[in-house]
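Take a look at the letters that make up each chain.
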Amino acid sequence: MKGTVTTIDMNPERVKIARKNLAEAGLEQSVKVIEGSALDVLPTLKDEYDMIFLDSDKDVYPDAFKMSVPLLRKGGLFVADNALWGGDVAKGGKSKDTQAMIKFNRMVTEARGMSTVIVPLRDGVLVSLKE
Ligand SMILES: C[S@@+](CC[C@H](N)C(=O)[O-])C[C@H]1O[C@@H](n2cnc3c(N)ncnc32)[C@H](O)[C@@H]1O
């Protein structure tokens, strides 16, 4: 079975580099690169996804999670990097990013129909299964 990947990035330079590298690797048919803010693009997606990986600016994590859940198939995985945010989440740090990650972790772990763990690997990887 042949899989496809959809990526979203709002940085035009990074989008350009990604498209160039994918073309050189012969993967432009398998990987669709969308330029834009995740919060603008996610509500426009029509496909159902096996896995959604989030590694954007931290302040959008809570809203991006809410928008991602309906796009996941049952049994699909939502995965997010930086769940421990350098240890600041456990320390209850007050920065905007730390507060966003605390809100996000709480939101995902309490979400009905989602079964979630935070793997203490490097900066913390949150893995959430849609039941
Ligand atoms: C930490 S980097 C991701 C690195 C990538 N996961 C990797 O391992 O190579 C964050 C990326 O997310 C993009 N980004 C940040 N906030 C975003 C948003 N709200 N919507 C779309 N892209 C965003 C940035 O432009 C940047 O390219």
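Presented here is a report on the structure given in the accompanying data block. (Residues numbered from 1 in each chain as written. Predicted model: local features only at pLDDT ≥ 70, side-chain atom pairs only at ≥ 80, totals over all residues. Heavy atoms only, no water.)

Notes on the overall build of the protein chain
Basically, it comes down to this: Counting from the N terminus, the helices are DSSP H or I runs at least four residues long and the strands are E runs at least two residues long. When we talk radius of gyration, it's over C-alpha atoms, and the globule rule is simply 2.2 Å times the number of residues to the 0.38. Throughout, exposure labels follow a simple rule: accessible area from a 1.4 Å probe, protein chains only, divided by the maximum for the residue type, with under 20% read as buried, over 50% as exposed, and the rest as partly exposed. Residue contacts follow a heavy-atom distance rule, with two residues in contact if any of their heavy atoms lie within 4.5 Å. Where accessible areas are quoted, they stem from the Shrake-Rupley method and a 1.4 Å probe; at the residue level, only the protein chains shown are allowed to cover. Residues scored as positive are Lys and Arg, those scored as negative are Asp and Glu, and His as well as the terminal groups of each chain are ignored. To locate a charge, the coordinates of NZ of Lys, CZ of Arg, CG of Asp or CD of Glu are taken.
Along its length, the protein chain carries five helices and six strands. Order of helices (α) and strands (β) in the protein chain, N terminus to C terminus: β-α-β-α-β-α-β-α-α-β-β. Over its C-alpha trace the protein chain gives a radius of gyration of 15 Å, about what one expects of a compact globule, namely 14 Å for 131 residues. Over its C-alpha atoms, taken along the principal directions, the protein chain stretches across nearly 45 × 35 × 25 Å. Considering the protein chain as a whole, with its 131 residues, one finds that 37% of them fall into the buried category. Within the protein chain, counting contacts between residues at least 6 apart in sequence, those at least 24 apart form 60% of the total. Counting only carbon and sulfur atoms, one obtains 55% of the accessible surface of the protein chain, whose full area is about 8,400 Å². Of the side chains in the protein chain, 19 bear a positive and 19 a negative charge, and the two mean positions are spaced by 3 Å.

What to know about the nonpolar core
Our working rule: The definition of a nonpolar core used throughout is a set of buried Ala, Val, Leu, Ile, Met, Phe, Trp, Tyr and Cys residues joined through side-chain atoms within 4.5 Å.
The biggest cluster of nonpolar side chains holds 26 residues, and the ones touching the most others in it are F65, F78 and F104. The set of elements that each furnish at least two residues to this core consists of α2 (38–41), β3 (49–54), α3 (61–68), β4 (72–81) and α5 (96–110).

Thoughts on the layout of surface pockets
Keep this limit in mind: The rule is simple: put a 1 Å grid over the protein atoms alone, call a set of points where a 1.4 Å probe fits but cannot get out a cavity, call an open set with protein on both sides within 12 Å along at least five of seven lines a pocket, and count a residue as lining if it has an atom within 4 Å of a point. Grid points are joined across faces, edges and corners, and a volume is the space filled by probe spheres set on the points. Residues are sorted three ways: Asp, Glu, Lys and Arg are charged, Ala, Val, Leu, Ile, Met, Phe, Trp, Tyr, Cys and Pro are nonpolar, and all the rest, Gly among them, are polar.
Taken as a whole, the largest pocket holds about 1,100 Å³ of empty space. Around the largest pocket, the lining is made up of 40 residues, and of these T6, T7, I8, I52 and F53 lie nearest the centre. Tallying contributions element by element places β3 first for the lining of the largest pocket, with six residues. A per-class count over the lining of the largest pocket returns 17 nonpolar, twelve polar and eleven charged.

Section: the site of the ligand
Convention followed: A molecule or strand has a residue near it when one of that residue's heavy atoms lies within 4 Å. We define a polar contact as two N or O atoms separated by no more than 3.5 Å, with the added condition that, inside protein, one atom must be a possible hydrogen donor and the other a possible acceptor, whereas residues neighbouring each other in sequence contribute only through side-chain atom pairs. A cavity or pocket is said to hold a molecule if more than half of that molecule's atoms lie within 2 Å of its grid points.
The immediate surroundings of the ligand are formed by D9, M10, N11, R14, G36, S37, A38, F53, D55, S56, D57 and V60. In this structure, an oxygen atom belonging to the ligand sits 2.8 Å away from a side-chain N or O atom of R14. A distance of 2.8 Å separates a nitrogen atom of the ligand from a polar side-chain atom of D55. In isolation the ligand exposes 600 Å². Once the protein is present, 64% of that is buried. When each cavity is represented as a set of grid points, the ligand is found to reside in the largest pocket.

Some thoughts on α3
Quick reminder of the rule: The arc in question is formed by the directions pointing from the helix axis toward the C-beta atoms.
Within α3 the residues assigned to the buried category are Y61, P62, A64, F65 and S68. Projected onto a plane normal to the axis of α3, the buried residues spread over an arc of 165° and lie on a single side. The inward-facing, buried residues of α3 abut α2, β3, β4, α5 and β5 (114–119).

Observations concerning helix α1 (residues 12–24)
Test applied: How far a helix is expected to stretch is found by multiplying one less than its residue total by 1.5 Å.
Between its terminal C-alpha atoms α1 stretches 18 Å, which fits the 18 Å expected from 13 residues at 1.5 Å a residue. Where α1 begins, one side-chain oxygen reaches toward the backbone nitrogen of E13, 2.9 Å away; that side chain belongs to N11. Backbone geometry just downstream of α1 places G26 in the positive-phi region, at approximately 75°.

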